[in-house]
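A look at the structure
Residue-level listing of the chains:
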Amino acid sequence: MAKKARKKVAAKSATRSKKTKKVIAVKSVKARKPTAKKAPRKAARRSTADVAKLRKAVIAGLRTGKSAEVLAKQLGISRPYLYRLKSNG
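Residues numbered from 1 in each chain as written. Predicted model: local features only at pLDDT ≥ 70, side-chain atom pairs only at ≥ 80, totals over all residues. Heavy atoms only, no water.

**Remarks on the environment of Ser78**
Along the chain, the position of Ser78 falls in the loop between α4 (68-75) and α5 (79-88). Expressed as a C-alpha distance, the spacing of Ser78 and Ala68, which sit 10 residues apart in the sequence, is 9.4 Å. (Helix = DSSP H or I, 4+ residues; strand = E, 2+ residues; numbered from the N terminus.)

So this is what it looks like as C-alpha cells:
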C-alpha cells in the first residue's frame, strides 16, 4: 500500500504547472499587513470597596440629574454596568 500512496503523491505534484507553483510560492512569501493594536484593557475584577464607591457615585450622580451616558464616562464604566450598580444598590 505504501507504494501506491507514493505513486499518487508523485502524480499530483507532476500535474501542477510551473505557473501554479510560482503563484503558490509568491503567496507564501507575501508579508501580512500589521494589524491595529488594541487598547489595553482595564482590570476585569474590582475590589469590594471599589464597587461600593462606584455604587455610591452612581446613585448620587443619578439623583443630581446627570444622564447615564455622561455619568458612565466620568466614572470610566459602561452604561450597562452603571445600571447594574444602580439596581443592586
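**Re the packing of α4 against α5**
For the pair α4 and α5, interaxial distance at closest approach is 9 Å and the crossing angle is 100 degrees. In terms of orientation, α4 and α5 fall into the roughly perpendicular class. Across the interface between the two elements, Ala68, Glu69, Leu71 and Ala72 from α4 touch Arg79, Leu82 and Tyr83 from α5. Taken together, the residues of the contact of α4 with α5 sort by class into five nonpolar, no polar and two charged. (Axes fitted to C-alpha atoms, helices over the stretch in contact; angles between N-to-C directions. Parallel < 35°, antiparallel > 145°, perpendicular 65-115°, else oblique. Contact = heavy atoms within 4.5 Å. Nonpolar A, V, L, I, M, F, W, Y, C, P; charged D, E, K, R; others polar.)

**Thoughts on the packing of helix α3 (residues 48-63) against α4**
Packed helices, taken two at a time, are described by the angle between their axes plus the distance between the axes. Running from N to C, α3 and α4 cross one another at 145 degrees; their axes reach a closest spacing of 10 Å. Here α3 and α4 pass one another in a crossing that is right-handed. Contacts between α3 and α4 pair Leu54, Ala57, Val58, Gly61 and Leu62 from the former with Ala68, Leu71 and Leu75 from the latter. Among the residues making up the contact of α3 with α4, the classes are represented as seven nonpolar, one polar and no charged. (Left-handed = near helix turned anticlockwise from the far one by under 90°.)

Nothing here speaks to function; it is geometry throughout.
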